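Survey of secondary and tertiary structure
One-letter residues, chain by chain:
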Amino acid sequence: MTPDDGPAIARDRPAATRLKVIDCDIHHALPGPRALYPYLAQRWRDHLDRHGQRKPTPFVASSPYPKTAPALSRTDSWPPNGGPPGSDLGFLQEQLLDRYNIEYGLLHLLAPSGMDERNQDLGAALCRAINTWQHEHWTQQDQRLKAAIVVPGEDAAASVAEIEHWAGNPDFAQISMITHTIEPLGRRRYWPIYEAAVRHGLPVGLHTSGFNGHAPAASGWPSFYVEEQHVVALSQQALAISMVCEGVFARLPDLKVVMVESGFAWVPSVAWRLDAHWKRMREEVPHLAEPPSHYLRRNMWYTSQPSDEPENPEDLRQIIDWLGWDRVLFATDYPHWDMDNPDFAFRCRMSEAERRMIYAGNARAVYGFA
Amino acid sequence: MARHVVAAVGEIPPGGRKLVTLNGRDIGVFNLGGEYFALLNRCPHQGGALCQGTLTGLVTSTTPGEFTYARAGEMLKCPWHGWEYDIRTGQSWCDPEDTKVRLYPVTVEPGERLAKGPYVAETFTVSVEQAYIVVEV
């Protein structure tokens, strides 16, 4: 990274010769706190005004924001509509979709979350409102954008009903749940959701999010955001281990799970350690017919952002060799402050074929895009 | 290299900035207590629009529990990933050896001298009574 004054960045190349990108993590946002009210019954509008949401966080206002930047976002991503970053479709098209030649973008709404809501009826109502709003204001407005069916995952029956309501609509490319849950996501109380996902051919996208009252790493609460930024990836590892060891993938071999924003360099080492344990203790988990690494590589995919950055950039090639080049899905995380620019996300060499897989081909296969 | 008149002295207040395009380059011109600095508006890390970033100071520490805050307004923080650059040198704080943003020479010159040229000032009528900020690109 030496100084250069050339403007030769990707936006200056003609679009026809540019790599098409499928962005597996885009954060749209509500333009204001009441944006969902048109999609909620009067009973729930009154409830929100009088009682608000009841989340399993230990203290009022304990959510540690702004997290290094207001709204966790690039400071140049506040749109002209006066709302928060990610709330203005036109601005998102300009700053992200058009600028980086995004063919498809997978939307993940982080707040509000129906799954985080302790009042389960309100949680289900919020999920329906969010999905209707996403459909009307985003996916119907720009066919490049694909939403996730958000479900109140602590209530499996309500989640399945929400999936059944939207399944078959091509605007919805996956199902999403929070990851900091009441029980680890491999537990059987969540299995009806996974069965519905398989039944409808929809992947499950798991973006690190949510509050369950527990510290995100079992070693206790982080003091600094720089700790938390990594610790959420540790919680995703625990989640992956839970799903493998509980037998979710042994029971549902066609289930696709996309791990969003938790890195991927950890996957080979988790696979090695689990395999070693499995060889010695497989009588404890006889439902795992295959070694754990088999499920981590067959049923799970991993988004790239924030990209793992070894001291020697070429070492990343070795890690992807261990993991499998078909497992990594490119993501920007726009508009968050730590977003990856597709032109700079990987500092190692890649062949044209490898580049095409990571930036679009793998996601095309997982999500079944034409 | 051509010399471009970018502003009249007084137009950019101390702590302020002006974004200009010179010879196809997007450049930010900053006034740091009467000294002027011109930086390429492109972060060497991932290409963010650096000159739209926040001007901040430098927090340093020699031991946990102690810190100092110095050089207020002299560090430019990229709006994307928060990489910090010394506005006086263009050097990255966390990677000073290898990562530098391009700096362009800036001078303040009286209108009287500029009137003789050569300079580029598409949008300016230079008055001999006024002083101007000139960037060489």
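Predicted model, so just to flag it, every value in this text is computed and none were measured. By convention here, each chain's residues receive numbers from 1 onward along its written sequence. To label them, take the chains in the order written and letter them from A, then take the ligands in the order written and number them from 1. Thresholds applied to this predicted model are a pLDDT of at least 70 for local features of residues and 80 or more for the giving and counting of side-chain atom pairs; totals over whole chains, interfaces and linings are not thresholded and use all residues.

Remark on secondary structure: sheet strands pair via backbone hydrogen bonds, oriented parallel or antiparallel. All names here are of chain B. For two strands to be treated as a pair, DSSP must find no fewer than two bridges joining them. Secondary structure elements follow DSSP: runs of H or I of four or more residues count as helices, runs of E of two or more count as strands, with numbering from the N terminus. Taken together, the three strands give an open sheet; going across it, the order is S5-S6-S7, and neighbouring strands pair in antiparallel fashion. In this open sheet, the two edge strands, each paired with only one partner strand, are strand S5 (54–60) and strand S7 (84–86). In this sheet, adjacent strand axes meet at a mean angle of 60° when their direction is disregarded. For helices, the axis comes from a line fit to the C-alpha atoms of the stretch in contact; other axes are also lines fit to C-alpha atoms, and the angle between any two N-to-C directions lies between 0 and 180 degrees.

Here we come to the interface of chain A and chain B. Counting from both sides, the interface comprises 16 residues of chain A and, opposite them, 21 residues of chain B. Side-chain classes are defined by residue name, with Ala, Val, Leu, Ile, Met, Phe, Trp, Tyr, Cys and Pro counting as nonpolar, Asp, Glu, Lys and Arg as charged, and the others, Gly among them, as polar. Residue composition of the side of chain A that touches chain B, grouped by class: seven nonpolar, four polar and five charged. C-beta atoms are first placed from the backbone for all residues, and any pair lying within 7 Å is then listed as a contact.

Another aspect to go through is the confidence of the model for chain A. You can read pLDDT as the predictor saying how much it trusts each residue, on a scale of 0 to 100. On average, residues of chain A carry a pLDDT of 92, and 94% of them reach 70 or more. Within the model, the stretch residues 1–13 of chain A combines pLDDT values under 50 with 22 contacts to residues more than four positions away or in other chains.

This paragraph deals with the sheet that holds strand S4 (residues 35–40) of chain B. Residues and elements named next belong to chain B. Spatial strand order, S2-S3-S4-S8: four strands in an open sheet with antiparallel pairing. A strand with exactly one partner marks an edge of an open sheet, and here the two such strands are strand S2 (17–22) and strand S8 (103–104). With six bridges connecting them, S2 and strand S3 (residues 25–32) associate as antiparallel partners. Bridge assignment links Val20 to a residue of S3, and that residue is Ile27.

Residues and elements named next belong to chain A. It is at 10 Å that the axes of helix H3 (residues 120–139) and helix H4 (residues 156–166) come closest, and there the two elements cross at 15°. Compared by their axis directions, H3 and H4 come out roughly parallel. H4 is crossed by H3, and the crossing has right-handed handedness. Every residue of H4 that contacts H3 at Gln120, Ala124, Cys127, Arg128 and Asn131 is listed here: Ala158, Glu162 and Trp166. Of the residues in the contact of H3 with H4, the class split is four nonpolar, two polar and two charged. Should an angle fall under 35 degrees it is called roughly parallel, over 145 degrees roughly antiparallel, and 65 to 115 degrees roughly perpendicular, with every other angle called oblique. Less than a right angle of anticlockwise turn of the near helix away from the far helix marks a crossing as left-handed, whereas a clockwise turn marks it as right-handed.

Moving on: the packing of H4 of chain A against helix H5 (residues 191–199) of chain A. All names here are of chain A. Between H4 and H5, the shortest axis-to-axis distance is 8 Å and the interhelical angle comes to 15°. Relative to H5, the element H4 lies roughly parallel. The chirality of how H4 crosses H5 is right-handed. Each of Ala156, Ser159, Val160 and Ile163 in H4 lies in contact with H5, whose residues at this interface are Pro192, Ile193 and Ala196. In terms of residue class, the contact of H4 with H5 is built from six nonpolar, one polar and no charged.

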